[in-house]
Amino acid sequence: MAITRRDFVKYCGISAVALGLSSTDLLHMEELLANPGGPTVIWLQGSSCTGCSMSFLNRISTSDPNTAADVLLESINLVYHPNLMAVAGQPAAEIVKQAYSKGGYILAVEGGVPTAFGGRACWAWTYNGVDVTFQQVVKDLSAKAAGILAIGTCASYGGIPAAGPNPTAVKSVKDVTGKATINIAGCPPHPDWIVYVVAQLLLGNSIPLDSVGRPKALFNKTVHSECPRNHDPKNCLSSLGCRGPGTYANCPTQQWNNKTNWCVNANAPCYACTEPTFPGAASLYAVMYNPHGKTNLDCASCHHHAK
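Residues numbered from 1 in each chain as written. Predicted model: local features only at pLDDT ≥ 70, side-chain atom pairs only at ≥ 80, totals over all residues. Heavy atoms only, no water.

Participant: Looking at this structure, I do not really get the state of the cysteines. What am I missing?
Facilitator: Here, disulfide denotes a covalent bond that connects the sulfur atoms of two cysteines. Under the criterion given, the structure shown has zero disulfides. Unpaired in this structure, Cys273 has its nearest cysteine sulfur neighbour in Cys187, at a distance of 5.9 Å. (Disulfide = S-S within 2.5 Å.)

Participant: Please clarify how the sheet that holds strand β9 (residues 182-184) should be interpreted in this entry.
Facilitator: Sheets are built from strands paired through backbone hydrogen bonds, the pairs being either parallel or antiparallel. Pairing in this open sheet of five strands is parallel, and the strands run β2-β1-β3-β7-β9 from one edge to the other. The sheet is open, and its two edges are formed by β2 (78-80) and β9, each paired on a single side. The average undirected angle you get between the axes of adjacent strands in this sheet is 25°. Looking at chain direction, strand β1 (residues 41-45) and strand β3 (residues 106-110) are connected through five bridges and run parallel. Among the inter-strand pairings, Ile42 is bridged to a residue of β3, identified as Leu107. The sheet contacts of helix α6 (residues 90-102) involve β1 and β2, and relative to β2 the element is tilted by about 125°. In the packing of helix α10 (residues 191-203) onto the sheet, contacts are made with β1, β3, β7 (147-151) and β9, and the angle to β9 comes to roughly 155°. (Pairing = 2+ DSSP bridges. Helix = DSSP H or I, 4+ residues; strand = E, 2+ residues; numbered from the N terminus. Axes fitted to C-alpha atoms, helices over the stretch in contact; angles between N-to-C directions. Contact = heavy atoms within 4.5 Å.)

Participant: Just checking my understanding: could you explain the environment of Gly103 for this structure?
Facilitator: By the secondary structure assignment, Gly103 is in the loop between α6 and β3. Residue classification places Gly103 among the partly exposed residues on the basis of a relative accessible area of 24%. Along the backbone, Gly103 and Ala146 are 43 residues apart, and their C-alpha atoms lie at a distance of 7.5 Å. (Buried < 20%, exposed > 50% of the residue type's maximum accessible area, 1.4 Å probe, protein only.)

Participant: What should I look at first to understand the packing of aromatic side chains in this one?
Facilitator: Between two aromatic rings, the relevant description is the distance of the centres plus the angle of the planes. Counting across every chain of the model gives five aromatic pairs. For the pair Trp193 and Trp256, a centre-to-centre distance of 6.1 Å together with 70° between the ring planes defines the contact as edge-to-face. Of this pair, Trp193 sits in helix α10 while Trp256 is found in the loop between α12 (251-254) and β10 (287-290), placing the two residues 63 residues apart along the sequence. In this structure, Trp193 and Trp256 share a single accessibility class: buried. A centroid spacing of 5.4 Å and a plane angle of 50° characterise the contact between Tyr271 and Phe278, whose relative ring orientation is tilted. Look at Tyr271 and you get partly exposed, because its relative accessible area is 27%. (Phe/Tyr/Trp six-rings, centres within 6.5 Å; stacked < 30°, edge-to-face > 60°.)

See below:
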């Protein structure tokens, strides 16, 4: 089913509160989306599991537009996404070349950027018989981008691919390009976080960022401060390694899968996937975080708590 720009405006209207859009913003967005030459988006994938794309694609499912693919392809001119576009190989690279020549696009990067071996640990495509590294493509495209989105923690800070011993020397998009990025952190990020940033860019609004490049509107409170269990010692998971006290994200209020659930409500400790240190030496798989200190994590702790 074809999804029109009007459908996207309708979706934004329904989700205005969640997306932080005012009535003025909605009117401005409707005017912008009436332009058939809408903002161009190039979405690249590097060292990642594709989980960020999957999270985004699963956001819209119960009402029009049904999928994020519909929104992107019909509303904001997504010209390149390796999982969504019909073409591949050099024809796909040609599309990116055309967008690059015009400039002014939104560059969305999912995954970290391998830099070892001259970047040859990750290839973007082959063009005119020449293999082009992902590192080179990210550097080149960042030069003419109107804005750079680091989608997920891997792109924002290196994430799991950059964890030790990091043999491919994975780095964040900012570290590779030397340019400012809007870091939509998370492993994966909440799909509404991605939509929020795209909506603000469409509207021409400035996006205040915190000290590690994340939108303040989304990452201004700790998970623990908003968690309904933070005043319930019996059910609080801090003794089981929950890192919510030091993790900034609105997961407790935003929730996941159309507000079906979220990690702690499913009795899984927060593992700080939105933080630059993730997964890090302080991963919950190695130690147990406690507001009063750190102790070794062992099976007895969890099994005792579950009784």
